[in-house]
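Architecture at a glance
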Amino acid sequence: MKLSQPIVVHSAWDSGFSQSATTLHKQLHGNAEHVCVLPSPWGPCQQQREEEDSQRRKSENNAVADMDLRSELLKSIWYGFSALDLEKSGKVSKSQLKVLSHNLCTVLSIPHDPVALEEHFRDDDDGPVSSQGYMPYLNKYILDKVVEGSFQKENVDELCWTLTAKKNYLPKKNSSFVLSDKDAFRLWCLFNFLSEDKYPLVMVPDEVEYLLKKICTAMSIEFSGVELDDFFSQDSVQQSGITVWTFLEMMNSGKMTRGIEMGIISMAIEEVYREIVGDVLKEGYLWKKGQLRRNWKERWFTLRPSNLSYYTGEDRKDCQGNIALDGNCCVEVLPDRDGKRCMFCLKTLSKSYEMSASDTKQRQEWTTAIQTAIRLHVEGKKSLHKDLKLKRREQREQREKRKQAKEEELQRLRALQEERERKLAELELLKEAQKQAQVLLEKDEQRRRQQHEQLQQALEVQLREAEEARVSMQAEMALKEEEAERQRKRIQELEEMQKRLEEALQQEIKARLDEEAFRYAQAGLLAEEEDKMKALMSLQEEQEEYILKTEREKQELKQEMETKSRALEEAQRQLEEVRANRHRVDQDVVAAQRKLRQASTNVKHWNVQMNRLMRPIGPGEKRPSLGSSFSSFQIPSQRDPGLRLRRRSGSEDQDEESKENVEERAGNDLEKRHSHASNGDMNIP
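Residues numbered from 1 in each chain as written. Predicted model: local features only at pLDDT ≥ 70, side-chain atom pairs only at ≥ 80, totals over all residues. Heavy atoms only, no water.

Looking at helix α3 (residues 94–107)
For α3, built from 14 residues, the straight-helix expectation of 20 Å at 1.5 Å per residue is met to within 8% by its first-to-last C-alpha distance of 20 Å. Along α3, the residues classified as buried are K94, S95, L97, L100, S101, L104, C105 and V107. With its phi angle positive at about 60°, S109 sits one or two positions after the end of α3. (Helix = DSSP H or I, 4+ residues; strand = E, 2+ residues; numbered from the N terminus. Expected span 1.5 Å × (residues − 1). Buried < 20%, exposed > 50% of the residue type's maximum accessible area, 1.4 Å probe, protein only.)

Rendered as structure tokens:
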């Protein structure tokens, strides 16, 4: 047969697979978006909505199942397609594509249209070269027509295995340990099932370890990962994944199955193949009770996610029945009876099936497996191991993300370490500059101490002078008290009492006003003092900042420090003046309060005297002449220096205080004299 001109198709393989997967994804989410609209209050009833949700879930599960089926078919077809590229140039002849397409249509039970291939790869001026590649034709004319359940997936795998094994699977004939073609085919199918969805197909080390553990478990031996670790450590490229031919070469080497017979290995591979690829959750012998005769017969049971089948023998040639599993099924453990033990019952909507296991362990395994199958059917999952594979893949991705995050964290820590070293170097330079600044600071501190000592000596001199002034003021106050005592003795007449009473009232009012004025003045002085303190603190902070300047600005710093020091001294002097003013104001307030209390006392006293003098005279009594009694007394001047408050210096405040004491004593003497005069000269009842 004459081969036509080759056609370039490898370049479109990966892009075609991605496009078909994207199309299915859009269809799946498009259907979900269409049926997930929330019903209105006037919509269908609750049962109808539940039916719609159930149909939506079924459609989603069917779409996912179709996508998984297409993905598995593409993996097998990829091997057959790659086997036709003998020169590994990325080109395949049209005649080979015709043969491959015809065989695929045959095993997939779909009609073959040879004209479609010719139409798809129309000849142009350069010859019969495809402009789109083989993937669009494969999707449109073959995979889109595939109906699940109408073909055997194993036949497709055998076709693709036959094409690719002739070219790639070449075991050593002289080796003592060589897998049979059937075992190699099953391992190839297991590899395709567990491989990543990336081309070229590879299986990551975690999946290789998982598959080898399953095989060792089926052989009832313990898996040792030492040989597998040695195998992956030999080639760093294989750490990201191995091809199926490398995997088969590793299995043919016998390193993983030393000392085990080929028959046992074949049985283990077949068991793992049926479990993973054939979706067999569990199989084995059970005793089943008949529905009509009610007798017990031993049958070989095979459990899948969708059904539980039973046969006369483990060759599975004569199927005696098939129990469909759905969400309405349940499993119950039964007590021993009819001479059978370890019984359990599988209930469906129409029938109940009683079965008996060989021991309690087997019954527990069967009940757990059946419950798992029911759960998978309810969740819309058709394969347990596909779900487990996705979970393992998610775990690997999470580990990769954690590993990447850890590497990023290490890089960040390295950058921080470098930054820390750089900052330490800068810190050393700053320490040197700080030492130099410390020397300058010590010199300035010594100079400030000397100035402080001089200022302290000046303050001590001022304190001594103030003490001497205080002693002189006390002597003057004593003289003024004697003078006030003499003045109080002159107040005797009733008219003077009334005038003094009115003056005392006016004095009280004025004292209150003066007290308020002094309080406002005191508050202003306090605010001024606080502002001066803040200014002083800010000057001190500026002075400390200027100390830390570098040696390059040393001369300017000295001049600025001298200026700030003078400002600080001026501020301290102003602060002392403010404090002295506040002290004087405090004394004025105290004097005003004392005058207020004295005025209140005088008012009360004159009220008592007025009440006593205003009492009526009885018949036959003579009112004594006030002129004879008080002729010897002279009315003092109405000028009272204690009632006038002026803002004076500290010595004037002391004079006013002494005058107040003198007036208070004079008032007391006048009161005593008036009392004696009233008792001696007037007969007041």
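Some thoughts on the sheet that holds strand β5 (residues 307–311)
One open sheet accounts for seven strands, arranged β6-β5-β4-β3-β9-β8-β7; its pairing is antiparallel. Here the strands that pair on one side only, and so sit at the sheet edges, are β6 (319–324) and β7 (330–334). Averaged over neighbouring strand pairs, the angle between their axes works out to 35° when direction is ignored. Two elements, strand β4 (residues 296–303) and β5, share four bridges in a ladder whose sense is antiparallel. Paired with F301 across the two strands is Y310, which belongs to β5. Set on the sheet, helix α12 (residues 360–378) makes contact with β3 (282–289), β4, β5, β7 and β8 (343–347); between it and β3 the angle comes to about 105°. (Pairing = 2+ DSSP bridges. Axes fitted to C-alpha atoms, helices over the stretch in contact; angles between N-to-C directions. Contact = heavy atoms within 4.5 Å.)

Some remarks on the pairing of strand β9 (residues 352–356)
Judged by how many residues are buried, β9 sits mostly within the fold: four of five residues are covered. Inspection of the sheet shows β8 paired to β9 by five bridges, in the antiparallel sense. Opposite L346, over in β9, you have Y353 as the bridge partner. Between the end of β8 and the start of β9, which pair antiparallel, lie four residues.

Quick notes on the confidence of the model for the protein chain
Residues at a pLDDT of 70 or more form 76% of the protein chain, whose mean pLDDT is 77. Segment residues 676–685: pLDDT under 50, and 11 contacts once partners within four positions in sequence are set aside and those in other chains are kept. (pLDDT = per-residue confidence, 0-100.)

Looking at the packing of aromatic side chains
Tallying each qualifying case throughout the model produces 13 aromatic pairs. Ring plane angle 25° and centroid distance 6.1 Å describe the contact between W161 and W245, whose orientation is recorded as stacked. Residue W161 is found in helix α6 (residues 153–168), and its partner W245 is found in helix α10 (residues 244–252); the two are separated by 84 residues along the sequence. Overall, the relative accessible area of 9% leaves W161 in the buried class. Taking relative accessible area as the criterion, W245 reaches 19% and is therefore assigned buried. An aromatic cluster of at least three residues, connected via ring pairs, comprises W78, Y79, W161, Y169, F185, W188, Y199 and W245. (Phe/Tyr/Trp six-rings, centres within 6.5 Å; stacked < 30°, edge-to-face > 60°.)

With respect to the side chain of N192
Position of N192 relative to the elements: it lies in helix α7 (residues 181–194). Taking the relative accessible area as the measure of exposure, N192 reaches 3% and is therefore buried.

A short note on the packing of helix α8 (residues 205–218) against helix α13 (residues 384–488)
The N-to-C vectors of α8 and α13 enclose an angle of 140°; their axes lie 11 Å apart at closest approach. Relative to α13, the element α8 lies oblique. Considering how the two elements wind past one another, α8 and α13 form a crossing that is right-handed. Residues D206, E207, Y210 and K214 of α8 form the contact with α13, whose participating residues are H385, L388, R392, R396 and R399. Tallied by class, residues from the contact of α8 with α13 come to two nonpolar, one polar and six charged. (Parallel < 35°, antiparallel > 145°, perpendicular 65-115°, else oblique. Left-handed = near helix turned anticlockwise from the far one by under 90°. Nonpolar A, V, L, I, M, F, W, Y, C, P; charged D, E, K, R; others polar.)

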